[in-house]
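Inside the fold
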Amino acid sequence: MRHCDQPVTAISSGCELFMRFITLAKLDVKSFEECEQIMLQRGHIFLDTLLEARGKVAKEALSFITDGSKILTHSRSRVVLQAMVEAAKANKRFEVFVTMSAPDNSGVQMHKELVEAGIDATLILDAAVGYIMEQVDAVMIGAEGVTENGGIINKIGTYSIGMAAYELKKSVCVLTESFKFSRTYPLNQRDLPNEFKYLSSVLKSGKDLSKEHPLVDYTPPSYITLLLTDIGILTPSAVSDELIKLYL
């Protein structure tokens, strides 16, 4: 799974947590068949927990989406989309600005899905973030991964959005599932593993990576206001404590 030709930040943290979960307790059984059944049972519990996570995050986010508010989001995040759709179903009226999110323009799909859900959404250029920022009330984004210090790894361009929001004193809320909490502690952009920054096909091609555009960047915790997760609303500094609980 970690070598599929897709962004693997969330896959990496999810797989690591899954392996920890299914081997959490000592298996005092006599046969391989019994052991297999216990592992399968734990796997189903883990999967059910993951499937429920997005809905829990959307519920936490509901109070942060208020009538008349203007929200900026980046790229396409399924959990952000669900939160906004749930807010619209609760008869909240708000406006969303969606970045196109080059190079794959994933924001175009996000914009389309928001409009189809009856939400007032405007597609903007990535370069227009600074211009739009002074008009919005908050930034609401997803995450590919959450680092030990409470920073996030997300679609390229998130770091720039975080800096603009910080400069203009706008809150930045990250909507993310707890399985994306990763035991990584990058100090800067260069610290991100290449497997997070590039597709597997690019890494195997032997191309000069210095000439390739990375898929993600790292946004430090100082630019993040809150993380809305399936295990509650957290400040960036609380992430390390939750990671300790997850891996105990």
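Residues numbered from 1 in each chain as written. Predicted model: local features only at pLDDT ≥ 70, side-chain atom pairs only at ≥ 80, totals over all residues. Heavy atoms only, no water.

1. Some words on the side chain of Ser75
Within the secondary structure, Ser75 is located in the loop between strand S1 (70-73) and helix H3 (78-89). Polar side-chain contacts of Ser75 include one of 3.5 Å to the side chain of Ser101. Looking at Ser75, its side chain comes within polar contact range of the side chain of Ser106, at 2.7 Å. (Helix = DSSP H or I, 4+ residues; strand = E, 2+ residues; numbered from the N terminus. Polar contact = N/O pair within 3.5 Å; in protein donor to acceptor, adjacent residues only side chain to side chain.)

2. Some remarks on the sheet that holds strand S3 (residues 120-124)
Spatially, the seven strands line up as an open sheet ordered S3-S2-S1-S4-S7-S9-S10, and their pairing is mixed. The outermost strands of the open sheet, each flanked by one partner alone, are S3 and strand S10 (232-234). Taking each pair of neighbouring strands and ignoring which way they run, the sheet shows an average axis angle of 25 degrees. Bridge analysis of strand S4 (residues 138-141) against strand S7 (residues 171-175) gives four bridges, and the strand direction is parallel. (Pairing = 2+ DSSP bridges. Axes fitted to C-alpha atoms, helices over the stretch in contact; angles between N-to-C directions.)

3. A word on the nonpolar core
In this structure, Leu72, Met133, Val139, Val146, Ile152, Val174 and Leu227 are the most contacted members of the largest nonpolar core, which totals 25 residues. At the level of secondary structure, the elements contributing two or more residues to this core comprise helix H5 (129-133), S4, helix H6 (158-167), S7 and helix H9 (239-247). Core analysis: the second largest hydrophobic core is formed by 24 residues, Ala58, Ile65, Val79 and Ile119 among them. (Core = buried A, V, L, I, M, F, W, Y, C linked by side-chain atoms within 4.5 Å. Buried < 20%, exposed > 50% of the residue type's maximum accessible area, 1.4 Å probe, protein only.)

4. Quick notes on the packing of H3 against helix H4 (residues 106-116)
Running from N to C, H3 and H4 point in directions that differ by 20 degrees, and their axes come no closer than 10 Å. Accordingly, the angle class assigned to the pair H3 and H4 is roughly parallel. Between H3 and H4 lies a crossing of right-handed hand. For the pair H3 and H4, the contacting residues are Val80, Leu81 and Met84 in the first and Met110, Glu113 and Leu114 in the second. Class assignment of the residues belonging to the contact of H3 with H4 gives a composition of five nonpolar, no polar and one charged. (Parallel < 35°, antiparallel > 145°, perpendicular 65-115°, else oblique. Left-handed = near helix turned anticlockwise from the far one by under 90°. Contact = heavy atoms within 4.5 Å. Nonpolar A, V, L, I, M, F, W, Y, C, P; charged D, E, K, R; others polar.)

5. A few points about the packing of helix H2 (residues 32-61) against H3
Running from amino to carboxyl end, H2 crosses H3 at an angle of 55 degrees, the nearest separation of the two axes being 8 Å. One way to sum up the angle between H2 and H3 is to call them oblique. Crossing of H2 against H3: the hand is right-handed. Counted together, Arg54, Gly55, Val57, Ala58 and Ala61 of H2 and Arg78, Val79, Gln82, Ala83 and Glu86 of H3 form the full contact between these two elements. For the contact of H2 with H3, the per-class residue count stands at five nonpolar, two polar and three charged.

6. Some thoughts on the environment of Phe94
Take Phe94: it is sitting in the loop between H3 and strand S2 (95-99). Linking Phe94 and Gly68, residues 26 residues apart in sequence, is a C-alpha distance of 5.0 Å.

7. Details of the sheet that holds strand S6 (residues 152-155)
Taking strand neighbours across the sheet as the criterion, the three strands line up as S5-S6-S8 in an open arrangement whose pairing is antiparallel. Of all strands in the sheet, those with a lone pairing partner are strand S5 (145-146) and strand S8 (216-219), marking the two edges. Both S6 and S8 contribute to a ladder of four bridges, which runs antiparallel. Following the sheet pairing, Ile152 is matched in S8 by Thr219. Running over the sheet, H6 touches S6 and S8 and is turned about 30 degrees from S8.

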